[in-house]
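# A structural walkthrough
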Amino acid sequence: MSADETLKLLSKQWCNLQDLMELANIGRNSALKIRKEIKTDLESKGYTLPNNLIPMCEVVTKLKINIPYLQKMANAEDK
């Protein structure tokens, strides 16, 4: 996946299972495990989440995605 495609996916407010699989380049079972970890952590803090969705900002934090680097790479691709 290119930097532009990754940034477009990251621009969404909510992350579904398919998005998580694409971002982390993992299979369904691994994505389910990560989603469950994020959901459990947020619910323990008192948050209520929609079914099968997690906030994209939490996914970025969990996967340690470097957004400034992606933006730099996307700009380099455009040139």
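Above this note sits the structure.
Residues numbered from 1 in each chain as written. Predicted model: local features only at pLDDT ≥ 70, side-chain atom pairs only at ≥ 80, totals over all residues. Heavy atoms only, no water.

### Here's the deal with the overall build of the protein
Across its full length, the protein holds five helices and two strands. Residues classed as buried in the protein amount to 32% of the 79 residues present. At a minimum sequence separation of 6, the contacts of the protein that also span at least 24 residues come to 58%. Here the protein displays about 5,500 Å² of accessible surface, and carbon together with sulfur accounts for 49% of that area. (Helix = DSSP H or I, 4+ residues; strand = E, 2+ residues; numbered from the N terminus. Buried < 20%, exposed > 50% of the residue type's maximum accessible area, 1.4 Å probe, protein only. Contact = heavy atoms within 4.5 Å. Areas by Shrake-Rupley, 256 points an atom, 1.4 Å probe, with all protein chains shown as cover.)

### Quick word on helix 1 (residues 3-10)
Within helix 1, burial applies to A3, T6, L7, L9 and L10. Buried residues of helix 1, viewed axially, fall in a sector of 160°; they line one side. On its buried face, helix 1 is in contact with helix 2 (17-24), helix 4 (56-63) and helix 5 (67-78). (Arc of directions from axis to C-beta.)

### Quick notes on unusual backbone geometry
Despite not being glycine, N25 has its phi angle at roughly 55°, a positive value. Residue placement: N25 occurs in the loop between helix 2 and helix 3 (28-44). By relative accessible area, which is 71% here, N25 ends up exposed. In the Ramachandran plot, K64 falls in the positive-phi region, its phi being about 55° despite a non-glycine side chain. Summarising the element assignment, K64 is placed in the loop between helix 4 and helix 5. Given the relative accessible area of 73%, K64 is considered exposed.

### Quick word on the packing of helix 1 against helix 2
In a packed pair of helices, the relevant descriptors are the angle between the two axes and the axis-to-axis distance. Contact geometry of helix 1 with helix 2 gives a least axis separation of 11 Å together with a crossing angle of 150°. With respect to the hand of their crossing, helix 1 and helix 2 are arranged in left-handed fashion. From helix 1, T6, L9 and L10 reach across to helix 2, where they touch D19, E22 and L23. Among the residues making up the contact of helix 1 with helix 2, the classes are represented as three nonpolar, one polar and two charged. (Axes fitted to C-alpha atoms, helices over the stretch in contact; angles between N-to-C directions. Left-handed = near helix turned anticlockwise from the far one by under 90°. Nonpolar A, V, L, I, M, F, W, Y, C, P; charged D, E, K, R; others polar.)

### A few points about the environment of N66
As for its placement among the helices and strands, N66 is situated in the loop between helix 4 and helix 5. We classify N66 as partly exposed; its relative accessible area is 45%. There is a polar contact of 3.2 Å between the side chain of N66 and the backbone nitrogen of Y69. (Polar contact = N/O pair within 3.5 Å; in protein donor to acceptor, adjacent residues only side chain to side chain.)

### A few points about the nonpolar core
Ranked by internal contacts, the top residues of the largest apolar core, which has 21 residues, are L10, M56 and V59. Of all the secondary structure elements, the ones that give two or more residues to this core are helix 1, helix 2, helix 3, helix 4 and helix 5. Apart from residues no more than four positions distant in its own chain, M56 is found in contact with L9, L10, K12, Q13, W14, C15 and L23. (Core = buried A, V, L, I, M, F, W, Y, C linked by side-chain atoms within 4.5 Å.)

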